[in-house]
Amino acid sequence: MTYFSPTDLIINPDGSSYHLNIRPEQLCDTIFMVGDPERVEKVSCHFDRIDFKIHKREFVSHFGELAGKPIGVISSGIGADNVEIVMNELDALANIDFETREEKSQKRSLHLIRIGTSGSIQEDIPVDSVLISEAAIGFDNLAQFYHFSSDKSLLQNDLDLFCQQIGYPLPIYGAKASNQLVHRFSQDAYFRDAFLGTTLTAPGFYAPQGRTVRMESILPDFLKDCSVTLVGKSKITNIEMETSAYYAFSGVLGHEMISLNAILANRITHQFSTNPEKQISQLIEKAIALFS
Ligand code: R1P
Ligand code: URA
């Protein structure tokens, strides 16, 4: 059995994981993942019961019960680097014995549902619509540190071509949503009308998403180039900051993950939602309804 040392897997004196502060017995199998810590209670207010509230840094977790089943919600803050911490610690809580520090022989697979926000880069995907990320392309640098194999069905050649076309000098990677969860959401009356797309995960909000405020980007045509580029058979639909990391890590670790996006901005028509909170609340309600 693989043993994980106290500096590889840091366990707090109360037996909880280093950053999330969650103890193994508190973990449940279905967890909503949000960015904004303030969004956590907007999700957990729909639970039938809340048993634990945990808060450390940007990681706020509520665990309880919905329709007779354990359910949770965790905030990750912004960015793929935080997702790396969240996924490592959630998987450790599920699949490592915190007493012996050894990997469990029987593996547990978590169902994780991101309820997030995003900007569309296609004119016909309007603000206030909902988009399910079927796949994601990561511009974050996490892939360089792990043995990911970029998803073959996103065609590595196309990804290389994509890099060449936009002049982006760094390696990128592709990863896919859980088929099982995409299928489940696509059967639902509300999510049947959602867009399905390929999401670009950027390592920042401004230049890495084609925004110029005062600092000039090295890729002035980034947004236009991304919006017309074919990856596999489809065009890139939207940009946000976590999905590729979630998909890559859940693939490697054997968890089921889906990323739901409330489209708040259309970067082509330059529109921004006039009521983002309403869009996010509606997405939360509809996602929760699938588990009620
Ligand atoms: C940027 O404003 C944040 O919004 C999006 C991006 O991925 C990034 O985290 O998602 P959340 O609304 O889930 O945080
Ligand atoms: N979140 C992002 O990361 N980008 C957007 O344009 C909107 C929300």
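See the structure above.
The rules behind these values
Residues numbered from 1 in each chain as written. Chains lettered and ligands numbered in written order. Predicted model: local features only at pLDDT ≥ 70, side-chain atom pairs only at ≥ 80, totals over all residues. Helix = DSSP H or I, 4+ residues; strand = E, 2+ residues; numbered from the N terminus. Contact = placed C-beta atoms within 7 Å. Buried ≥ 20, exposed ≤ 12 C-beta atoms within 10 Å, placed from the backbone. Near = placed C-beta within 6 Å. Core = buried A, V, L, I, M, F, W, Y, C linked by C-beta atoms within 7 Å. Pairing = 2+ DSSP bridges. Axes fitted to C-alpha atoms, helices over the stretch in contact; angles between N-to-C directions. Parallel < 35°, antiparallel > 145°, perpendicular 65-115°, else oblique. Left-handed = near helix turned anticlockwise from the far one by under 90°. Nonpolar A, V, L, I, M, F, W, Y, C, P; charged D, E, K, R; others polar.

**Focus on the overall build of the protein**
Secondary structure assignment for the protein yields seven helices and 14 strands. Principal-axis analysis of the C-alpha atoms gives the protein an extent of 50 × 40 × 40 Å. When contacts within the protein are restricted to residue pairs at least 6 apart in sequence, those whose partners lie at least 24 apart make up 77%.

**Regarding helix α6 (residues 243–253)**
Side chains of residues three or four places apart in an α-helix project in the same direction, reflecting 3.6 residues per turn. Buried residues dominate α6, accounting for eight of its 11 residues. What α6 keeps buried is the set Thr243, Ser244, Ala245, Tyr246, Tyr247, Ala248, Phe249 and Ser250.

**A few points about the site of ligand 2**
Taken together, Thr117, Ser118, Gly119, Phe205, Gln209, Ile239, Glu240, Met241, Leu264 and Ala265 are the residues near ligand 2. If you list the elements that add at least two residues to the shell around ligand 2, you get β7 (111–120), β12 (234–240) and β13 (256–266). The element best represented in the shell around ligand 2 is β7, accounting for three residues.

**Re the environment of Leu283**
Looking at where Leu283 falls in the secondary structure, it is placed in helix α7 (residues 276–289). Leu283 gets classed as buried once you count the C-beta atoms within 10 Å, which come to 21. When the C-alpha atoms of Leu283 and Val130 are compared, they prove to be 7.6 Å apart, with 153 residues separating the residues in sequence. Residue contacts for Leu283: discarding those within four places in its chain leaves Ile115, Val130, Leu260 and Ala262.

**Description of the nonpolar core**
Within soluble globular proteins, side chains that are nonpolar generally end up buried alongside one another. Residues Phe32 and Ile115 are the most contacted members of the largest nonpolar core, which totals 71 residues. Excluding its chain neighbours within four sequence positions, the residues that come into contact with Ile115 are Phe32, Val34, Val43, Leu260, Leu283, Ile284 and Ala287.

**Considerations on the pairing of strand β4 (residues 69–75)**
A large share of β4 lies buried, amounting to five of its seven residues. Pairing analysis gives four bridges linking strand β1 (residues 30–34) to β4, with the strands arranged parallel. Bridge pairing in β4 places Ile31 opposite Gly72. Counted between consecutive antiparallel strands, the loop separating strand β3 (residues 59–66) from β4 contains two residues, among which Ala67 sits at a positive phi close to 50 degrees.

**Focus: the packing of helix α2 (residues 80–95) against α6**
Put simply, α2 and α6 touch, their axes get as near as 9 Å, and they point 25 degrees apart. Judged by the inter-axis angle, α2 sits roughly parallel to α6. Taken as a pair, α2 and α6 cross one another with a handedness that is right-handed. Along its contact with α2, which presents Ala80, Val83, Glu84, Met87 and Asp91, the element α6 presents Ser244, Ala245, Tyr246, Phe249 and Leu253. When grouped by side-chain class, the residues that make up the contact of α2 with α6 number seven nonpolar, one polar and two charged.

**Topic: unusual backbone geometry**
Positive phi outside glycine occurs at Arg57, with the angle close to 50 degrees. Among the structural elements, Arg57 can be located in the loop between β2 (49–56) and β3. Of note in this structure, Asp128 is not a glycine but carries a positive phi near 75 degrees. The residue Asp128 is located in the loop between β7 and β8 (130–138) in this model. Judged by C-beta crowding, with 16 C-beta atoms within 10 Å, Asp128 ranks as partly exposed.

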